[in-house]
Amino acid sequence: MRAERQAYPLLVPAGLIFSAFFFVPMIGLFVESFRLYIPGNIGSAANAPFTFANYAELLTPSFGGYLLQTVRISLFASLAGLVFAFPLAWWITRRFSPRWRAIAVGFLAVLMFLSVLVRTYALELTFGSAGPFRQTLLALGVAPNGRAYIEFLVGAGLLHYIIPMSALTLLATIQNVDPRLVDAAQALGAPGWRAHLTITIPLCTRGLLTAFLFAFSYSISAFVIPMILGKGRVLFISNLAYNRFSEIADYPSGAAISIVLFAVALALIYVASRYIGRRWS
Amino acid sequence: MKLTRRQALEYAALAGPAAAFAGMVGAPLPARAATEITAVEWGGDVVKAMKEIEAKQSAVKVNWVLHQGGSGAILPKIKAAWPNAEYDYVAGWEGSFNGMVKEDWLVPVSIETVPNLADIPQKIIVKNVKGEWMAVPRAVGGIYVAYRKDICPIEVKSIDDLFDPRLKGKICWPGPSQAMMLPLVALSLHAGGNEKNMDPGFALMKKLAQTGNIGRVGVTDTDFSTSLTSGETALGFYSEPQLTDVGKSFPLVRLTKQRGVPTFLYQSGFAIFKNRPNLKPTLDFVNFCISPEMSTLYAEVAGEAPLNTKAKTPDSLKHLAFTPQEFDEYVYVPDFNVVLSSQDAWSKRWENEIAPLL
């Protein structure tokens, strides 16, 4: 008990950093979201009255549409990321020699650190409507400037980050699953796919859920990827918040959007971790 | 002689007070260094032009900071840091100047403090409620319809042509944070409205969005030029610097003097901050920048027409030189107070009514 108390000071540095750089600004943002905004001003006045108008104006079908679009594309990208990342992580853990495993992990880590702008523009130049695949897309009946294709590109942009992040998260999870369980199942006659579906994946549920939550949190708050690949037509909530904060300087409205996005993300993560986690674990 | 670390520290400790004392008693010092100021500028050709201007004088050394995103993106940073914001001047236009004036950040200017203002048309200078001049204009740019002749499937002559089905996916339209949404005002004018009555403009914009002709909504400056350069889109509403480089490599048709397709003019210039210690050198530098020679240089490099009446307008910017008759016929000057105070409402209306259709 005493040792536990002695360990509390270790929390102080991180606690101070979070208080100063997360909680205090978030409180400021929360308060700003209730301030009255006068068009033409930069943000709200210091003594501006409080109002619910900034939230009320979000109660529109179009804002609901943006929210749904953000959640939908993020959800698909996160799930697709898991589908790609899980076999990759399994292969790296179970099939690679220690030397190749180290190389693969290093490669995934490098992908995480590669500038998001670089990857996004690389995607845009390669698969965008003026890229080398333009003719192929047209031959396949895909309109490179069509909305569906733009949404697909935004999802692909998110996958650039989601796959390495999820694979790295899942490496340790798969490593902790005793391979002899699958061997035993196969020795008793279960085909390989069935052994994995009934043993490996259920035992990795917590890791999969963690990877999903990381991927989803990243996607739902993505800004640069939809801004560049979305061509101003596929907008995420963070893009709307940016518009309010930047040119228009309507900070109260931008703050209200940010708070709504934060609340939605928290709620979805809570639901996913509590209910899905409890059911599958 | 070998210098130990202890000795080096002792010498350094002695050198500081000695230098300070020498300064106090007026002892001769090495040649006086240029005053350092911090300026926020646009990237690309604009900052290139400004660096060339800086190189032609030695009184001021400029620490260049570039705008990130629209000109309004700098405002929250200034507001958060005020009165300790460390920018001596910020380049901008009517939209951003208006916000800065309301926040009371800027120093008024006059012919006494910036003598070259005498050669700038006074009508264009941004003023506060007291009528004081609050920014120094340096050039004028246009917002107008243009297209790449080599890839545009039709010859565009009017707003109605934008609805032609052959232009599917070929239009790059400015997003709600771009160009003060003046292209929407152009649609409104075409449909019988104006900036004070935007319903016809939004109705026409909805129709245009539904045609599928808008391939990209430009949200950053580079969106416009890269989209046009790559051939992703072939036409749209552009502001002048977005076309400067494109025009060097591709045949452009600029509809600045086309009846029924309004052209808008905006000024770019300097907002000078009153909280900074180097006010006089900043004013002198700005004055130097708008001199006839530097205005000419700026126009040639940055691609914005000079406002100094004694400067030379390059041939490449002749499309922005209007006779009084042409000005009346082709240029629409909106009530900027209405335009600027409506940005918030128009932007939200765009998000609600237009964006879902794109």
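Note that the structure is a prediction, hence the values are computed from the model and not measured. (Residues numbered from 1 in each chain as written. Chains lettered and ligands numbered in written order. Predicted model: local features only at pLDDT ≥ 70, side-chain atom pairs only at ≥ 80, totals over all residues.)

Draft legend 1. Spotlight on the overall build of chain B. Secondary structure summary: chain B contains 13 helices and ten strands in total. On the principal axes, the C-alpha backbone points of chain B span a range of 80 × 45 × 40 Å. Counting only residues that meet the buried cut, chain B has 46% of its 358 residues in that class. Relative to all contacts within chain B whose residues are 6 or more apart in sequence, the contacts with residues 24 or more apart total 72%. (Helix = DSSP H or I, 4+ residues; strand = E, 2+ residues; numbered from the N terminus. Buried ≥ 20, exposed ≤ 12 C-beta atoms within 10 Å, placed from the backbone. Contact = placed C-beta atoms within 7 Å.)

Draft legend 2. Structural context of the confidence of the model for chain B. Residue and element names in this part refer to chain B. Of the residues in chain B, 90% have a pLDDT of 70 or more, and the chain-wide mean is 85. Element-level pLDDT for chain B is lowest in helix α1 (residues 5–24), with a mean of 42, against a maximum mean of 96 in helix α10 (residues 279–289). pLDDT under 50 marks residues 1–31. Its contacts with residues more than four places away, or in other chains, come to four contacts. Predicted complex metrics record ipTM = 0.75 and pTM = 0.76. (pLDDT = per-residue confidence, 0-100.)

Draft legend 3. Quick peek at the interface of chain B and chain A. With 35 residues of chain B in contact, the opposing surface of chain A contributes 27 residues. Broken down by secondary-structure element, the contributors of at least two residues to the side of chain B that touches chain A are α3 (74–81), α4 (94–102), β6 (214–218) and α13 (336–354) of chain B. For the side of chain B that touches chain A, the element with the most residues is α13 of chain B, which contributes nine residues. When the residues that make up the side of chain B that touches chain A are grouped by side-chain class, the tally is eleven nonpolar, 16 polar and eight charged. (Nonpolar A, V, L, I, M, F, W, Y, C, P; charged D, E, K, R; others polar.)

Draft legend 4. Local environment of unusual backbone geometry. Put simply, Trp-82 of chain B and Pro-83 of chain B share a cis peptide bond, and its omega is 10°. The residue Lys-231 of chain A is not glycine, and still its phi comes out positive at about 50°. Here Lys-231 of chain A shows up in the loop between α12 (224–229) and α13 (237–245). Assessed through the 30 C-beta atoms surrounding it within 10 Å, Lys-231 of chain A is described here as buried.

Draft legend 5. Inspection of the packing of helix α6 (residues 199–211) of chain B against α13 of chain B at higher detail. Residue and element names in this part refer to chain B. At their nearest, the axes of α6 and α13 sit 11 Å apart, and the two run at 40° to each other. Between α6 and α13, the interaxial angle falls into the category oblique. Note on packing geometry: the crossing formed by α6 with α13 is right-handed. Contacts between α6 and α13 involve Phe-202, Met-205, Lys-206 and Ala-209 on the former and, on the latter, Arg-349, Glu-353 and Ile-354. In the contact of α6 with α13, the residues fall into four nonpolar, no polar and three charged. (Axes fitted to C-alpha atoms, helices over the stretch in contact; angles between N-to-C directions. Parallel < 35°, antiparallel > 145°, perpendicular 65-115°, else oblique. Left-handed = near helix turned anticlockwise from the far one by under 90°.)

Draft legend 6. Fine view of the environment of Trp-350 of chain B. All names here are of chain B. Among the structural elements, Trp-350 can be located in helix α13. Separated by 175 residues in the primary sequence, Trp-350 and Gly-175 have C-alpha atoms spaced 8.6 Å apart. In contact with Trp-350, not counting residues within four places along its chain, are Pro-176 and Ala-355.

Draft legend 7. Quick peek at the packing of helix α4 (residues 61–94) of chain A against helix α8 (residues 147–175) of chain A. Residue and element names in this part refer to chain A. As a packed pair, α4 and α8 sit with axes 6 Å apart at the nearest point and diverge in direction by 40°. Between α4 and α8, the crossing angle belongs to the class labelled oblique. The hand of the α4/α8 crossing is right-handed. For the contact of α4 with α8, the residue count by class is 21 nonpolar, six polar and one charged.

Draft legend 8. Inspection of the nonpolar core at higher detail. Ala-89 and Leu-170 of chain A together with Tyr-89, Ala-271, Ile-272 and Val-286 of chain B are the most contacted members of the largest nonpolar core, which totals 155 residues. Residue contributions to this core peak at twelve residues, all from α8 of chain A. Counting residues domain by domain, this core receives three or more from each of domain 1 (35–140 + 266–326) and domain 2 (142–265 + 333–357) of chain B. When residues no more than four places from it in sequence are discounted, the contact partners of Tyr-89 of chain B are Ala-39, Phe-270, Ala-271, Ile-272, Phe-273, Thr-282 and Val-286 of chain B. (Core = buried A, V, L, I, M, F, W, Y, C linked by C-beta atoms within 7 Å. Domains from an automatic or database assignment.)

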